[in-house]
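Here's the letter readout for the chains.
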4 protein chains.
Amino acid sequence: MSFNSFGKAFRFTTWGESHGPALGVVIDGCPPGLLLRAEDIQEALDKRKPGTSKFVTQRKEPDAVKILSGVFEDDRTDGPRTTGTPISLMIENMDQRSKDYSEIRDKYRPGHADFTYDAKYGFRDYRGGGRSSARETAARVAAGVVAEKALAAVLDAPVNIRACMVQMGADKIDRNNFDWMEVDNNPFWCPDAKAATRWAEQLDAARKSGSSMGAVIEVVAAGVPAGLGAPVYSKLDADLASAMMSINAVKGVEIGAGFDAAALSGEENADEIRMRSGAPDFQSNKAGGILGGISSGQDIVVRFAVKPTSSILTPRDTITSQGEETTVQTKGRHDPCVGIRGVPVGAAMMALVLADHALLHRAQCGR
Amino acid sequence: MSFNSFGKAFRFTTWGESHGPALGVVIDGCPPGLLLRAEDIQEALDKRKPGTSKFVTQRKEPDAVKILSGVFEDDRTDGPRTTGTPISLMIENMDQRSKDYSEIRDKYRPGHADFTYDAKYGFRDYRGGGRSSARETAARVAAGVVAEKALAAVLDAPVNIRACMVQMGADKIDRNNFDWMEVDNNPFWCPDAKAATRWAEQLDAARKSGSSMGAVIEVVAAGVPAGLGAPVYSKLDADLASAMMSINAVKGVEIGAGFDAAALSGEENADEIRMRSGAPDFQSNKAGGILGGISSGQDIVVRFAVKPTSSILTPRDTITSQGEETTVQTKGRHDPCVGIRGVPVGAAMMALVLADHALLHRAQCGR
Amino acid sequence: MSFNSFGKAFRFTTWGESHGPALGVVIDGCPPGLLLRAEDIQEALDKRKPGTSKFVTQRKEPDAVKILSGVFEDDRTDGPRTTGTPISLMIENMDQRSKDYSEIRDKYRPGHADFTYDAKYGFRDYRGGGRSSARETAARVAAGVVAEKALAAVLDAPVNIRACMVQMGADKIDRNNFDWMEVDNNPFWCPDAKAATRWAEQLDAARKSGSSMGAVIEVVAAGVPAGLGAPVYSKLDADLASAMMSINAVKGVEIGAGFDAAALSGEENADEIRMRSGAPDFQSNKAGGILGGISSGQDIVVRFAVKPTSSILTPRDTITSQGEETTVQTKGRHDPCVGIRGVPVGAAMMALVLADHALLHRAQCGR
Amino acid sequence: MSFNSFGKAFRFTTWGESHGPALGVVIDGCPPGLLLRAEDIQEALDKRKPGTSKFVTQRKEPDAVKILSGVFEDDRTDGPRTTGTPISLMIENMDQRSKDYSEIRDKYRPGHADFTYDAKYGFRDYRGGGRSSARETAARVAAGVVAEKALAAVLDAPVNIRACMVQMGADKIDRNNFDWMEVDNNPFWCPDAKAATRWAEQLDAARKSGSSMGAVIEVVAAGVPAGLGAPVYSKLDADLASAMMSINAVKGVEIGAGFDAAALSGEENADEIRMRSGAPDFQSNKAGGILGGISSGQDIVVRFAVKPTSSILTPRDTITSQGEETTVQTKGRHDPCVGIRGVPVGAAMMALVLADHALLHRAQCGR
């Protein structure tokens, strides 16, 4: 019943509430000897840090990570290296403003976990959503950095994991404009410059009107060798589906052609294979790099849908914990499109799932 | 590294290959005292049994289940009752025709796991796909029957789990025609009689041309109380995503509004709440019955996309295990739309996930 | 809550009752490519098979094992080889004589699990102890054979696992007479020929008087490299303790000097180290080959105490399931010293724990 | 591969090294609504705190615990209550004196994990034993306090868990002098006042001569209802064996009569049952409160043997990490009898195992 752990071989456990003293993650099973500096993790955290643009919550959090265990450096090592024992990472909460939440202490915000947490546990830490807050994803991003290092070490080759937003609201990118270089040039991690411009206007309007928007994120892993994953309940795609669906506000996950595959004919869906310079060369990637739950060596392609942020200024009908009808309007600081911050989290979850399967594969098959 | 097990509290492990002597499942953690007869399981297996219509593989399998352990009946019990010890269920394979598969022994069928199994394990049982065959889902359906009984016993109330096909190829049902009563009246478990008629023609054409079609399945659980599920990595929707994605040929999973949620505004997506006869009454169900990973008491709605069967008669370019280019054409007996048989499997997985979470919730919260 | 599974990486699940149709085991995570014939397993099962001498139960069981999944042989393999998918092994129960047990249907046999099973589950399969019967250990011995093969393959070197009985009743062997060659020359797997002679008389007397005797078993694994095991809760000795204590009738487990270590001085307990032909050479083995939960490269030495068989002919005071005072006398066929059959089981558990840790070590440390 | 986690339903993960910035534990699966104050945990930690007598290490550690997550208090709760989300506890290391350890940086101390950690991980944090230090047990004691609260809440009745030292060196207590009231009157948690006096002299002599002594600890749980535990690999005694063997320096574990059971006749070993005031009344407790791996309602009695502290001033032969022969003499601050501090740790492990099984039993059997 490790409700807050993920992974079998590269296993991590996150803890912490939005307005508690801190949040963190403990990683167990990490290979020894990996160079791991707090700066490496900090760099990734800064990318997802709140307050970086008007399109994300204005909560000011340094998100400074501390490595509390699992690394050791002495004059014989060139830096702090993982020891093979649990790696404990902690991020202290600074800018909490609990007062912001007093109004919704007794009101169930539609689309939020307020109602279900009370139904399950009898009461809840209502400050900023407590455990259900997107703050928890900071711990995933931190763990993801360790996972990427472990993955590269185990495979003895780098895996290139990238993520981007391919749809905001109903507006999808134009695949002809797809350019990974564009991703860092706009606040949406959008690979289509034109779409990014449109989205800025749309989201600004939504933000000003106190509304919010949804999005679709795509995560691509290149350089994953064939053979990672396992039948039947540890399929690589099954674990990826679980990993992405566990991210706040995610309502759907698909691999490769995904839902569109339902409309393809058997002929269209078959990724034919030729040989090129002595290696199998797939002519298409409808499968998204996974066949029978095992990686094929092609790019692994996962997309997930993020619902619009549930915290909106428009008053909504709801009830109180005492069962009285009322309306609620969520003030406080919120992301008009929480999907934006889902981009680095999706990439981190991909790294964590792949590191886990790289270790599992090495255990069973020795490679 | 239990690759072939699923569930934390209600845990099952499946085993067996398509053309081995038998396949089966071992269920651990089932509550004691449940009435369990082989006939109850057989009834469910007969529903998914091959050979029942021209739209599913003509392989003739009685799929007769044997209960090998975990139940006991004597003159003080009114029938075989679960003892709380592992329930072992076995289904022997009868109609195997291994010769059918000799031709593809060395050829990798596009869209199949042939290539990836070889890449992972070094060799494979190529007969009928071995472990990657949809035969494995018979064990899930058998386990699902036990799960439904356990779920009703733990909740002390029946949960109504139903599944249907809502899209075949590109052709979706008309939601205005949705009628659960129709589901048993056609070979597609389609709730829209008109769509079923269209699909029959389309699939017959695909079948005759040696092609195949994909589909989208919807599974709905009614009567699930609020409170099942758990943050963060054991969210009910995360486990459902893993469960459905683990089914052969599934490429996408969504909850409630799913991918469409990305296009909704925050206002549209918020399921407002009123009171009705003393209980919370949600005005819509965009969330699909799950908030923050925990059930809200509304219907739990899951959809998954099934790709077209990869075994088709049309020759496709591929390579051999020796790396020579060739073409392959899959003869043998196959489902023109494997999604059809995914319907009872999806319902079984829903029962298994809910039974698991009902036990987990009782463990932690005592209800 | 996998109550009936053991192991993390090399994981097995046993099922079956003493008087059900069959019992078996499913092994998950086994490396692919291992040669595995039913005969290999049968040979080990025959060693522990009931009815082989007057000192073990006269129940006649062929204990014929069937491999139901997880192996594949074709003209390109030299025999059935493991495929990396679950290995399902089944042993059918033949000689059941349920009538023998009707008398104790309502009576709780002192020292047996009758009372506690009823207390936990509300009722029980009382035939031959149901799930609590030593019959379950047949599945462990079968799994142990696969574990030994996996262990040798992963370490790329054979590990020599041997077990023997070092004490029966209060009578211990003389360590000066210790000779592994003697173990197969007597029905007690006793390494001291003189002790074996004494034990034969003592046990015969106990058997004739309807009594029973306890024993101490020693299991030694030679050839285990340094580095297997892990802090803190997966220590090799912690897993061995759990493994041995899970065997029926075991009441104590110790490693190396074990309980005697409490009486040693720090100086006496320290296994000093010298170098011999370039390798560390320990001057003693008080540690039993494990330091800090990790193997040191020395012999791994485990001992466990088995209580006298609880099924005795002498009438004992007890109560019925209805709470009436009565006496019980266990007829039926029983081992006068169940410890005898614990010898191969202990060796099997050692193999299973070591195989598990060999895979875990390879996963994390790549060797 | 959660090497550093323990428990299935009440699951905790410890992290931290002896000389890192901090150590801690994350508890997952704890029931919600339990009153939990840092003071409650602090009280238990103070009991095992170093430096309390001349018989334990003089390292000065406040061992001040912080609750970082999993509890919430507002004006509607009477104090901080568990929320059902992960409880993160942290203890910062203060008095580290790393210089003390520089001398043994390259030398393997006999009886320590220095050699095996290097063999497994390639290098190690040698400061104070790093992860293998008894410092880790502080996290267990902290988690044990939460476990005791959870256990009482789940059983809706208090369980009285007590531990004491019953043997130091070769000197056992006299069972006729056994008095729980004496346990807090001496630095050994010894229930026999006379023995405590003898031990003080013996240990003082050992301490002055730079030697060390071993011990045997007994843990007794009273008030545990019948029914906790489960066949076959989650037997209550199997989990207790693993729990106790995972404690530093423990070399043996036994339940009830333990190793002495081997010398008993079947008649002597049978705990006969009578009725007393309508309840089963066992006439003896050779079983130590566990039959078939399930609690019988009697006192649960576990003993474990602790080897003498490996850190001694007497020079011992050993080798360096470069494979050169040398001698080592462990200065620094050490417990002359580490078993003393094993007493509260043993009690904590008993609470953790029982809480785990209480939740597991409630999950499966609803009580």
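In this text, all values refer to a predicted model and were calculated from it rather than measured experimentally.

A. Layout of the packing of aromatic side chains. Counted according to the given criterion, the structure contains 38 aromatic pairs over all chains. Look at A:Phe72 and D:Tyr126: their rings are 5.3 Å apart centre to centre, the planes differ by 85°, and that puts the pair in the edge-to-face class. Of the two residues, A:Phe72 sits in strand β5 (residues 71–72) while D:Tyr126 sits in the loop between α2 (114–121) and α3 (137–155), which places them in two different chains. Take A:Phe72 and D:Tyr126: they sit in the same class, and that class is buried. Among the aromatic residues, those joined into a ring-pair cluster are A:Phe6, A:Phe12 and B:Tyr233.

B. Highlighting the relation of the copies chain A and chain D. The operation relating chain A to chain D is a screw motion whose rotation component is 180°, with 0.0 Å of axial translation and a residual RMSD of 0.0 Å. Taken together, the turn and the small shift mark the pair as related by a two-fold rotation axis. The share of interface residues of chain A whose copies in chain D are also at the interface is 98%, consistent with both copies meeting through the same surface.

C. Seen up close, the interface of chain D and chain C. Each side of the interface is counted separately: chain D has 105 residues, and chain C has 105 residues. Here chain D and chain C share 4 salt bridges between them. Note that C:Glu325 and D:Arg274 form a salt bridge whose closest N and O atoms lie 3.4 Å from each other. On inspection of chain D and its partner chain C, the count reaches 52 residue pairs in polar contact (both at pLDDT 80 or more).

D. Structural detail: the UniProt feature "binding site: FMN" (unreviewed entry) in chain A. All names here are of chain A. Under the present numbering, the feature "binding site: FMN" (unreviewed entry) in UniProt falls on Arg131, Ser132, Ser133, Asn248, Ala249, Gly292, Lys307, Pro308, Thr309, Ser310, Ser311 and Arg333. With respect to the helices, strands and loops of the structure, serine 133 is situated in the loop between α2 (114–121) and α3 (137–155). Using a relative accessible area of 11% as the deciding quantity, one classes serine 133 as buried. When neighbours within four sequence positions are excluded, serine 133 is seen to be in contact with Ser18, Gly128 and Asn248.

E. Focus on the interface of chain A and chain D. Taken together, the contact pairs 47 residues of chain A with 46 residues of chain D. Between chain A and chain D lies a buried interface of about 3,700 Å² when both sides are counted; carbon and sulfur atoms form 62% of it. Our count for the chain A to chain D interface comes out at 4 salt bridges. Across the pair D:Asp75 and A:Arg105 runs a salt bridge whose closest N-O atoms are separated by 2.9 Å. Counting across the chain A and chain D interface gives 13 residue pairs in polar contact (both at pLDDT 80 or more). Looking at the side of chain A that touches chain D, the elements with two or more residues in it are β2 (11–16), β3 (22–28), β4 (65–69), β6 (81–82), β7 (87–92) and α2 of chain A. By residue number, the principal contributor to the side of chain A that touches chain D is β2(A), which donates 5 residues. For the side of chain A that touches chain D, the class distribution of residues is 17 nonpolar, 16 polar and 14 charged.

F. Structural context of the layout of surface pockets. Approximately 1,200 Å³ is the volume found for the largest pocket. Lining the largest pocket we find 39 residues, and of these A:Glu254, A:Phe259, B:Glu254, B:Phe259 and B:Asp260 sit closest to its centre. Where the lining of the largest pocket is concerned, the elements lending two or more residues are β8 (160–168), β10 (215–222) and β16 (300–306) of chain A together with β8 (160–168), β10 (215–222) and β16 (300–306) of chain B. Looking at the lining of the largest pocket, its residues break down into 18 nonpolar, 7 polar and 14 charged. Of the pockets and cavities examined, the second largest pocket occupies roughly 890 Å³. Along the walls of the second largest pocket sit 29 residues, with C:Phe259, C:Asp260, D:Glu254, D:Phe259 and D:Asp260 positioned nearest its centre. Breaking the lining of the second largest pocket down by element, the ones donating at least two residues are β8 (160–168), β10 (215–222) and β16 (300–306) of chain C together with β8 (160–168) and β10 (215–222) of chain D.

G. The arrangement of α3(A) in detail. Relative to the 27 Å expected for 19 residues at 1.5 Å per residue, α3(A) spans 26 Å between its end C-alpha atoms, a close match to the ideal helical length. Of the residues flanking the end of α3(A), it is A:Asp156, one or two places downstream, whose phi is positive at about 55°.

H. Quick peek at the relation of the copies chain D and chain C. Each copy of the sequence occupies a distinct position, and chain D is placed on chain C by a rotation of 180° and an axial shift of 0.0 Å, giving an RMSD of 0.0 Å. Interface overlap between copies is the fraction of interface residues in one copy that are interface residues in the other; for chain D against chain C it reaches 100%, indicating a shared surface.

I. Helix α7 (residues 339–365) of chain B, seen in detail. Residue and element names in this part refer to chain B. If you check α7, its first and last C-alpha atoms are 38 Å apart, about what 27 residues at 1.5 Å a residue would give, namely 39 Å. In terms of burial, α7 is largely enclosed, as 27 of its 27 residues are buried. Of the residues one or two after α7, glycine 366 is the one with positive phi, at around 70°.

J. Representation of the pairing of strand β17 (residues 316–319) of chain D. Residues and elements named next belong to chain D. With 4 bridges joining them, β17 and strand β18 (residues 325–328) adopt antiparallel strand pairing. In the sheet register, aspartate 317 faces β18, and the bridge partner there is threonine 327. A loop of 5 residues connects β17 with β18, the two strands running antiparallel in sequence, and glycine 323 in this loop sits at a positive phi of about 80°.

K. Region of the structure containing the pairing of β10(B). Residue and element names in this part refer to chain B. The buried fraction of β10 is high, at 7 of 8 residues. By the bridge criterion, 8 bridges tie β8 to β10 in an arrangement that is antiparallel. Bridged to glutamine 167 within β10 is valine 216. Pairing between β10 and β16: 7 bridges, direction antiparallel. Counted as the bridge partner of glutamate 218 is arginine 303 from β16.

L. Region of the structure containing the UniProt feature "binding site: NADP(+)" (unreviewed entry) in chain A. Residues and elements named next belong to chain A. Here, the residues flagged by UniProt with the feature "binding site: NADP(+)" (unreviewed entry) are Arg48 and Lys54. Among the secondary structure elements, arginine 48 is positioned in helix α1 (residues 38–48). Excluding residues within four positions of it along the chain, arginine 48 makes contact with Asp63, Ala134, Thr137, Ala138, Val141, Arg341, Pro344 and Val345. Within the secondary structure, lysine 54 is located in the loop between α1 and β4.

M. Looking closely at the sheet that holds strand β11 (residues 250–255) of chain D. Ordered in space as β9(C)-β8(C)-β10(C)-β16(C)-β11(C)-β11(D)-β16(D)-β10(D)-β8(D)-β9(D), the 10 strands form an open sheet in which the pairing is antiparallel. The open sheet has two edge strands with one neighbour each: β9 (171–172) of chain C together with β9 (171–172) of chain D.

N. Up close: the sheet that holds strand β4 (residues 65–69) of chain B. An order of β1-β2-β3-β7-β4 (chain B) is seen for the 5 strands of this open sheet, with the pairing classed as antiparallel. Each edge of the sheet is formed by a strand with only one pairing partner; in this case those strands are β1 (5–6) and β4 of chain B.

O. How the structure looks around unusual backbone geometry. Backbone torsion omega between A:Pro231 and A:Val232 reads -10°, so that peptide bond is classified as cis. Among the secondary structure elements, A:Val232 is positioned in the loop between β10 and α5 (236–245). Look at B:Ser277: it is not a glycine, yet its phi comes out positive at around 40°. Secondary-structure assignment places B:Ser277 in the loop between β12 (273–276) and β13 (279–282). Residue B:Ser277 is classed as exposed on the basis of its relative accessible area of 74%. Phi is positive for C:Asp63, which is not a glycine, with a value near 50°. Relative to the elements of secondary structure, C:Asp63 occurs in the loop between α1 (38–48) and β4 (65–69).

P. Here's a closer look at the confidence of the model for chain A. Confidence in the prediction of chain A, expressed as mean pLDDT, is 94, and 96% of residues score 70 or more. With a pTM of 0.97, the predicted complex shows an ipTM of 0.97.

Q. View of the pattern of salt bridges. Within the structure shown, the criterion is met by 107 salt bridges over all chains. Here C:Arg105 and C:Asp106 are joined by a salt bridge, their closest N and O atoms 3.5 Å apart. A relative accessible area of 22% places C:Asp106 in the partly exposed class. In this structure, a network of salt bridges that share partners links the residues A:Asp74, A:Asp75, A:Arg76, D:Arg105 and D:Asp106.

Reading the values: rules and limits
Residues numbered from 1 in each chain as written. Chains lettered and ligands numbered in written order. Predicted model: local features only at pLDDT ≥ 70, side-chain atom pairs only at ≥ 80, totals over all residues. Heavy atoms only, no water. Phe/Tyr/Trp six-rings, centres within 6.5 Å; stacked < 30°, edge-to-face > 60°. Helix = DSSP H or I, 4+ residues; strand = E, 2+ residues; numbered from the N terminus. Buried < 20%, exposed > 50% of the residue type's maximum accessible area, 1.4 Å probe, protein only. Least-squares fit on C-alpha atoms with pLDDT ≥ 70 in both. Contact = heavy atoms within 4.5 Å. Salt bridge = Lys/Arg side-chain N within 4 Å of Asp/Glu carboxyl O. Polar contact = N/O pair within 3.5 Å; in protein donor to acceptor, adjacent residues only side chain to side chain. UniProt positions renumbered as here; feature names shortened; annotations may be inferred. Buried area = accessible area lost by both parts, 1.4 Å probe. Nonpolar A, V, L, I, M, F, W, Y, C, P; charged D, E, K, R; others polar. 1 Å grid on protein atoms, 1.4 Å probe; cavity = no way out; pocket = protein on both sides within 12 Å on 5 of 7 lines; lining within 4 Å. Points joined across faces, edges and corners; volume = space filled by probe spheres on them. Expected span 1.5 Å × (residues − 1). Pairing = 2+ DSSP bridges. pLDDT = per-residue confidence, 0-100.

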